[in-house]
Amino acid sequence: MSPLAFIWFLLIGVLISGYFILDGFDLGAGVLYPVLAKSEADRAVIRRSIGPVWDGNEVWVLTAGGALFAAFGPAYATSFSGFYLAIMLVLFGLIIRAVALEFRAHDAAWGKLYDVLFVLGSFLPALLYGVAIGNVVGGVNLDAHGDFAGSFFDLLNPFALLCGVLGFVHMLVQGAGWIALKAPAGTDLARRARALRGKLAVAEIAVFALTSVVLFVAVVPGGAVEIRALAVVFAIVFLAASIGALKAPSDLLAQVLASVGCVGLVGVAASTLFPNLITATDPAYSITIAGAAGSDMTLAIMLGIACIGVPLVLVYHVIAYRIFRGRLKKEDLTY
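Residues numbered from 1 in each chain as written. Predicted model: local features only at pLDDT ≥ 70, side-chain atom pairs only at ≥ 80, totals over all residues. Heavy atoms only, no water.

Things to note about the environment of S250
Alright, step 1. Mapped onto the fold, S250 is located in the loop between α11 (225-244) and α12 (252-273).
Alright, step 2. Linking S250 and A98, residues 152 residues apart in sequence, is a C-alpha distance of 30 Å.
Alright, step 3. A distance of 3.1 Å separates the side chain of S250 from the backbone nitrogen of L252, its partner in a polar contact. (Helix = DSSP H or I, 4+ residues; strand = E, 2+ residues; numbered from the N terminus. Polar contact = N/O pair within 3.5 Å; in protein donor to acceptor, adjacent residues only side chain to side chain.)

Shown next, in the form of structure tokens:
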């Protein structure tokens, strides 16, 4: 394995972490939309809290997909063809979510329909992302050519569904934390979101502990066990700390700690996969980092582009979040 291939493996992990941190909270807020919002004012707060940032957040998943295509073409081909139906469901969810969110403010007569589409469009990606990662880590049915040889229902195996639940609950934690952070201070919506966030964080730690036990004992007992164990401890420490931070004067600390915990979740998946990119049920057919990597020249050129593009994206996010920082006020609720 070349050093450049290893760097790209780490870079894709960073991009996926960035996506789960950023788009995770607005997907979670969308799923919690009918749970926490008790009035039209509450619904307006939730929509407005993610309105200025949701489209920028989704850039990270596009960048991760592009990076996989550029650096590890065979892995890109296998994952995007083998998970075709699941990917189409995710894209369908993202499309109807975007349409519902944008049209909701301009067509009140269809408001209830747009609300349903907004929730459905948030629910599908929030659940299916974790299912996809569970399959890639736990193993999929590949043939000797690296093609997916199973069906859509093979992807709905117990371990993948457990990972789907874990990813889903984490996004709910992020969503509830974001609503608590952005809702007007002292409102019932902020209090409900903060209380629900604490309960969801406890549930996430429980699901994560169960998933880790299944991963170590039944699914992938070998591999980089020490690094994986450190990633598990890292995630649990920060997720637990985010619960304790709920008593802090600001909701920002709990949100940041949970976001750092997300890096641990991705670290568990990455350390389990290594040195593979896609694990096959037959280890001989697994797609490895070394086997799927492009030429060193290609990786070097793309790395140079990434070194320019990723910082620009980060600068954009810093500017956007700085402009829209702070809690919402009544005059802001126009999205």
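Don't stop here, the text continues.
Quick word on the pattern of salt bridges
Alright, step 1. Taken as a whole, this structure holds 10 salt bridges when the rule is applied.
Alright, step 2. The salt bridge involving R47 is made with E40; its shortest N-O contact spans 3.4 Å.
Alright, step 3. In this structure R47 comes out as buried when scored by relative accessible area, which is 5%.
Alright, step 4. With a shortest N-O distance of 2.8 Å, R192 and D42 are connected by a salt bridge. Remark: D42 occurs in helix α3 (residues 40-50) and R192 occurs in helix α10 (residues 188-219); sequence separation between them is 150 residues.
Alright, step 5. Three or more residues joined by partner-sharing salt bridges are found here, namely E40, R43, R47, R104 and D115. (Salt bridge = Lys/Arg side-chain N within 4 Å of Asp/Glu carboxyl O. Buried < 20%, exposed > 50% of the residue type's maximum accessible area, 1.4 Å probe, protein only.)

Regarding the packing of aromatic side chains
Two aromatic rings, taken as a pair, are described by how far apart their centres are and by the angle between their planes.
Alright, step 1. By the definition in use, this model includes 15 aromatic pairs.
Alright, step 2. Centroid distance F6 to F274: 5.8 Å. Interplanar angle 80°. Geometry classified as edge-to-face. With F6 in helix α1 (residues 3-31) and F274 in the loop between α12 and β1 (276-278), this pair connects stretches of sequence that are 268 residues apart.
Alright, step 3. The class of F274 is partly exposed, set by a relative accessible area of 31%.
Alright, step 4. Both rings, one in F20 and one in Y129, keep their centres 6.1 Å apart while their planes meet at 85°; by these two values the pair is edge-to-face. Of the two residues, F20 is situated in helix α1 and Y129 in helix α8 (residues 111-138); the sequence distance between them amounts to 109 residues. (Phe/Tyr/Trp six-rings, centres within 6.5 Å; stacked < 30°, edge-to-face > 60°.)

Examining the packing of α10 against α12
Alright, step 1. Interhelical geometry of α10 versus α12 gives an angle of 15° and a closest axis separation of 13 Å. By the criterion of interaxial angle, the relationship of α10 to α12 is roughly parallel. You can see that α10 and α12 cross each other, and the crossing is left-handed. Between α10, through R197, E204, F208 and L215, and α12, the contact on the second element is made entirely by A254, Q255, A258, L265, V268 and T272.
Alright, step 2. Classifying every residue of the contact of α10 with α12 by side-chain character gives 6 nonpolar, 2 polar and 2 charged. (Axes fitted to C-alpha atoms, helices over the stretch in contact; angles between N-to-C directions. Parallel < 35°, antiparallel > 145°, perpendicular 65-115°, else oblique. Left-handed = near helix turned anticlockwise from the far one by under 90°. Contact = heavy atoms within 4.5 Å. Nonpolar A, V, L, I, M, F, W, Y, C, P; charged D, E, K, R; others polar.)

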